[in-house]
Amino acid sequence: MIPGTPATPALPPDAGVLRMDHVAVAVADPREGAALFGDTLGGRFLFGGDNDHQGIRVAQFVLPGGMKIELISPLRDDAPVARFLEKRGPGVHHITLVVADVEVAVARLEGHGYEVVDVDVRNPAWREAFVRPRSGCGTLLQLADTTLRWDEPAEGITLEDVLAGRVVFTDDERAVLREAPS
């Protein structure tokens, strides 16, 4: 360091990647993806539900060997995944990497010049950030740290419940049956 210049904060030694969690595939109709990844390829339904805030329906499957596929489909025309499907058609939407600390991962990536966007660390159950495709070798990367187990089936939730729109994710990221209208 040159005397009289501000100190540059040290970058973390790595991004703290723990594992690849899943590959998300955008589909207009989750039944189509469920037929392929569940019925045909032998995947087991893990969990799913509607994220009303993001305007998406999620259904996650674990394939033999442990690889997870997450189907995401739009619930409304203004959802980002609806624009994705309109522009690109069905296909790989993003890859999710679980990291030890999303803020450390963001510092490492930005320190190396990668464009990180949509950093959201408000909810300790699921803190996330994204590396834009143009900065991530053509791939949207989702980085997340979480306090929840995402490798266990949601109790009492079936694929049929998810496909029928009867399941919603709560603010603390739990999949629960929607309350019946009174």
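Residues numbered from 1 in each chain as written. Predicted model: local features only at pLDDT ≥ 70, side-chain atom pairs only at ≥ 80, totals over all residues. Heavy atoms only, no water.

A.B. asks: Now, about helix 1 (residues 30-40): what can you tell me, with residues and values included?
C.D. replies: If you check which residues of helix 1 are buried, you get Pro30, Gly33, Ala34, Phe37 and Gly38. Down the axis of helix 1, the smallest arc covering the buried residues is 100 degrees, so these residues share one side. With respect to the buried face of helix 1, the exposed residues turned more than 90 degrees away are Glu32, Asp39 and Thr40. Between a side-chain oxygen at the N-terminus of helix 1 and the backbone nitrogen of Arg31 the separation is 2.9 Å; the capping residue is Asp29. A positive phi of about 85 degrees marks Gly42, the residue just after helix 1. (Buried < 20%, exposed > 50% of the residue type's maximum accessible area, 1.4 Å probe, protein only. Helix = DSSP H or I, 4+ residues; strand = E, 2+ residues; numbered from the N terminus. Arc of directions from axis to C-beta. Polar contact = N/O pair within 3.5 Å; in protein donor to acceptor, adjacent residues only side chain to side chain.)

A.B. asks: Give me the lowdown on the pairing of strand 4 (residues 68-74), citing residues and values where you can.
C.D. replies: Burial within strand 4 is extensive, with six of its seven residues counted as buried. By the bridge criterion, four bridges tie strand 1 (residues 17-26) to strand 4 in an arrangement that is parallel. Residue pairing in the sheet places Ala26 in a bridge with Ile72 of strand 4. Note that strand 3 (residues 56-62) and strand 4 share seven bridges and pair antiparallel. Across the sheet, Val58 pairs through a bridge with Ile72, a residue of strand 4. The turn joining strand 3 and strand 4, which pair antiparallel and follow one another in sequence, is formed by five residues; a positive phi near 100 degrees is taken by Gly65. (Pairing = 2+ DSSP bridges.)

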